[in-house]
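Each chain, written out:
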Amino acid sequence: METPVTDPNASENAQSAGSDHGLGNLSLSSKTVHADDFLNKGQDVAPPLHVSTTFRYNRDPEKLTTWSQHDPKAPYEGHIYSRHTAPNTTRFEAILSEILKGPAVTYASGLSAFHALLIFLNPKRISIGEGYHGCHGVIEIHQKLTGIKKLALDCAEEELQSGDIVHVETPLNPIGTAYNLKAFAEKAHRRGAYLTVDATFGPPPLQDPFLWGADIVMHSGTKYIGGHSDMLCGILAVNPARAKDGWYEGLVKERLFVGNVMGSMEGWLGIRSVRTLEVRVERQADSATKLVRWLNAALHPENQAGADAPSPDEAKIIRNVLEQIEHASLQEADIQDGWLLKQMPNGFGPVFSITLKEEGFARRLPSKLDLFHHATSLGGVESLIEWRTMTDPYVDTRLLRISVGIEGWEDLKADLLQGFKVLADEDKFVK
Ligand SMILES: *Cc1c(COP(=O)(O)O)cnc(C)c1O
């Protein structure tokens, strides 16, 4: 990896966003650790934190170029003002462009990225399912401004018209089930509509929506990309075929005027966080699937859970409390069909949901646990559990969303088991 020492005023060394810096065949972790090496200056191994909002112009009057002459394909050098570009965030975007496999633009939050998406494509109709309720709040604002209409996710193909959006969230918030992106891409494209994918619950290495035809991939980087519950971030990555149509430059240009940029501190934190994305997500996904298999085998003893099966005593404790469990790993029909393992070849998402037998159980379980924080959000190294009705007015009030962290999965299992046991014992006492 070369580490050029560059003149901060020179744009000759600038490289276009999402361009291949010779990292094509490297593993995901090699990319998250090295995709920004071409921006190294001086001797720092850890990238420095830059907080300036404004950047000196060239001292040589002959070399002055105006803002309108700024090459939007070269965002890494010659910064002007941080509402446009700034060193930490563009460096973070260089890594994201590489690992998401399309030029990436960052925003102040996941929802501000979704705003930017709707502003840029300005569709007349959006076909969308349930999913993250905040995105529906964003659509409501756009309804006020543009009259955009919502269509069901399974709407008839004929209802879609050119320029419309099919927006698929997969895996789905809050339950963790997965959708067939290829089928939605084909449906949208046959009508001249676009497929946009909220892939927050399935970050790299779990899925690559561009492989299946997504035009734009969105992430709430607050979740797995950030990974430590300490930064808000939104991301839009553009399919390289759409980038040829100027979508990347268009988004960057509009971000300048919408003003929804991520802060410099978050850009710096983002780099530090994304370095470990693969090891975190692999472990979280693996632990989540083991926990799901363990719980599900108590409800369905006929399923072969192998070494992860609960003992007969554990199964009884689980059955006293648990009604239902949902996760992509339990989509038997889709696994048999083949598409699910093709689209999620490296594991399912680290979030799943459980529905308990009574609302009171769901309200009380989080307080019985020691290793799961009772809090909203997901994707951090800490396991979280949320009585989902706290923030989502549309869900079953018996539903709990579980975001599996990096703790040992057997510790998490033991914690859930003792929580279930306490709940059932209290219940006996009350009755
Ligand atoms: C959290 C989340 C969002 C919103 O992201 P913010 O960073 O909180 O604005 C959007 N979509 C999904 C699936 C999410 O989980």
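Residue positions are counted from 1 within each chain, in the order its sequence is given. In keeping with the model being predicted, local features are shown solely for residues with a pLDDT of at least 70 and side-chain atom pairs are shown and tallied solely at 80 or more, while totals for entire chains, interfaces and linings include all residues. Where side-chain values are given, they derive from all heavy atoms of the structure, hydrogens and water being excluded.

**Concerning the nonpolar core**
So, point 1. Ranked by internal contacts, the top residues of the largest apolar core, which has 50 residues, are Phe92, Leu96, Ile99, Val166, Leu195 and Val274.
So, point 2. Every element with two or more residues in this core is listed here: helix H2 (87-100), strand E4 (165-169), helix H5 (181-190), strand E5 (194-198), strand E7 (234-238), helix H8 (264-274), helix H9 (277-299) and helix H12 (339-343).
So, point 3. A run of H or I in DSSP counts as a helix once it spans at least four residues, and a run of E counts as a strand once it spans at least two, with each numbered from the N terminus. Among the elements that line this core, the one with the most residues is H2, at five residues.
So, point 4. An automatic or database domain assignment supplies the residue ranges for each domain. Of the domains in this structure, domain 1 (10-275) and domain 2 (278-430) are the two that each give at least three residues to this core.
So, point 5. With sequence-adjacent residues up to four places away left out, Leu96 is seen in contact with Lys101, Gly102, Ala104, Thr106, Ile225, Ile235 and Val274.
So, point 6. We define the nonpolar core as a collection of buried residues of types Ala, Val, Leu, Ile, Met, Phe, Trp, Tyr and Cys that are connected through side-chain atoms lying within 4.5 Å of one another. Here the term buried applies to any residue with accessible area under 20% of the maximum for its type, exposed to any over 50%, and partly exposed to those in between, with areas from a 1.4 Å probe on protein chains only. Among the nonpolar cores identified, the runner-up in size contains 32 residues, and Phe352, Ala362, Val404 and Leu417 belong to it. Contact between two residues is taken to exist if any of their heavy atoms lie within 4.5 Å; hydrogens are not considered.

**Comments concerning the side chain of Asp415**
So, point 1. Inspection of the secondary structure puts Asp415 in helix H14 (residues 409-430).
So, point 2. By the counting rule applied here, Lys and Arg register as positive and Asp and Glu as negative, while His and the ends of each chain are not counted. We define a salt bridge as a side-chain nitrogen of Lys or Arg found within 4 Å of a carboxyl oxygen belonging to Asp or Glu. One buried charged residue, Asp415, remains without a salt bridge, the closest side chain of opposite sign being Lys368 at 12 Å.
So, point 3. For this analysis, a polar contact is any N or O atom pair within 3.5 Å, provided that within protein one partner can donate a hydrogen and the other can accept it, and provided that sequence-adjacent residues contribute only side-chain to side-chain pairs. There is a polar contact of 2.7 Å between the side chain of Asp415 and the backbone nitrogen of Leu371.
So, point 4. Once residues lying within four places of it in the same chain are set aside, the contact partners of Asp415 are Leu369, Asp370, Leu371 and Phe372.

**Topic: the sheet that holds E7**
So, point 1. Paired strands are those between which DSSP finds at least two bridges. Here we have seven strands laid out as an open sheet, ordered E1-E7-E6-E5-E4-E2-E3, and mixed in their pairing. Each edge of the sheet is formed by a strand with only one pairing partner; in this case those strands are strand E1 (104-107) and strand E3 (149-152). Geometrically, the sheet is characterised by an average inter-axis angle of 25° between neighbouring strands, direction not taken into account.
So, point 2. Contacting E1, strand E6 (216-220) and E7, H2 crosses the sheet at an angle of about 130° to E1.
So, point 3. Simply put, an axis is a line fit to the C-alpha atoms, just over the touching stretch for a helix, and the angle between two N-to-C directions goes from 0 to 180 degrees. Strands E1, E5, E6 and E7 of the sheet are contacted by helix H7 (residues 247-258), whose axis makes an angle of about 20° with E1.

**Considerations on the sheet that holds strand E9 (residues 351-356)**
So, point 1. What the five strands build is an open sheet, ordered E8-E9-E12-E11-E10; its pairing is mixed. Two strands in the sheet have a free side with no partner beyond their single neighbour: strand E8 (322-326) and strand E10 (373-374).
So, point 2. Note: E10 against strand E11 (residues 384-387), two bridges, orientation parallel. Within E11, the position partnered with His374 by the bridge is Ile385.
So, point 3. Of the strands in this sheet, E8 and E9 are in contact with helix H10 (residues 312-321), which crosses E8 at around 95°.
So, point 4. Across the sheet, helix H13 (residues 359-368) lies against E9, E10, E11 and strand E12 (399-403), angled at about 145° from E11, the strand it touches most.

**Concerning the packing of aromatic side chains**
So, point 1. In this analysis, rings of Phe, Tyr and Trp, with Trp reduced to its six-membered ring, are considered paired at centre separations within 6.5 Å, and the interplanar angle assigns stacked below 30 degrees, edge-to-face beyond 60, and tilted for intermediate values. All told, the structure shown has three aromatic pairs when counted by the stated rule.
So, point 2. Here Phe120 and Trp247 contribute two aromatic rings whose centre-to-centre distance is 5.9 Å and whose plane-to-plane angle is 70°, an arrangement assigned as edge-to-face. Separated by 127 residues along the polypeptide, Phe120 in helix H3 (residues 110-121) and Trp247 in helix H7 bring together distant segments of the chain.
So, point 3. An angle of 85° between the planes, with centres 5.0 Å apart, marks the rings of Tyr194 and Trp247 as edge-to-face. With Tyr194 in strand E5 and Trp247 in helix H7, this pair connects stretches of sequence that are 53 residues apart.

**Side note on a nonpolar patch on the surface**
So, point 1. The patch calculation keeps residues exceeding 30% relative accessible area without a salt bridge and links them within 9 Å when they carry like charges or within 5 Å when they are nonpolar (Val, Leu, Ile, Met, Phe, Trp, Tyr). Surface exposure here means Shrake-Rupley accessible area, sampled with a 1.4 Å probe, where a residue is shielded only by the protein chains that are shown. A cluster of nonpolar side chains, namely Leu49, Val51 and Met265, defines an oily patch on the protein surface of about 280 Å² accessible area.
So, point 2. Mapped onto the secondary structure, Met265 falls in helix H8.

**Comments concerning the UniProt feature "modified residue: N6-(pyridoxal phosphate)lysine" (unreviewed entry) in the protein**
So, point 1. UniProt positions are given in the numbering used here, feature names are shortened, and annotations may be inferred rather than shown by experiment. Within the UniProt annotation, "modified residue: N6-(pyridoxal phosphate)lysine" (unreviewed entry) is assigned to Lys223.
So, point 2. Tracing the backbone shows Lys223 in the loop between E6 and E7.
So, point 3. Sequence-distant contacts of Lys223, that is, excluding residues within four places in its chain, are made with Thr200, Ser377, Leu378 and Gly379.

**Looking at the site of the ligand**
So, point 1. It suffices for a single heavy atom of a residue to lie within 4 Å of a molecule or strand for the residue to be listed as near it. Neighbouring the ligand are 15 residues, the closest being Gly110, Asp198, Ser220, Thr222 and Lys223.
So, point 2. The contact in question runs from an oxygen atom of the ligand to an N or O atom on the backbone of Leu111, over 2.9 Å.
So, point 3. Residue Lys223 places a side-chain N or O atom 2.8 Å away from an oxygen atom belonging to the ligand.
So, point 4. Expressed as a share of its isolated accessible area of 380 Å², the protein-covered part of the ligand is 92%.
So, point 5. Elements with a minimum of two residues in the shell around the ligand: H3 and E6.

**Here's the deal with the state of the cysteines**
So, point 1. Put simply, a disulfide is two cysteine sulfurs that come within 2.5 Å. Within this structure, the stated rule accounts for zero disulfides.
So, point 2. Left without a disulfide partner, Cys135 is nearest to the cysteine sulfur of Cys233, which lies 14 Å away.
So, point 3. Under the relative-accessibility criterion, Cys135 is labelled buried at 2%.
So, point 4. With no disulfide partner, Cys155 has as its closest neighbouring cysteine sulfur the one in Cys135, 18 Å distant.
So, point 5. For Cys155, a relative accessible area of 8% puts it in the buried group.

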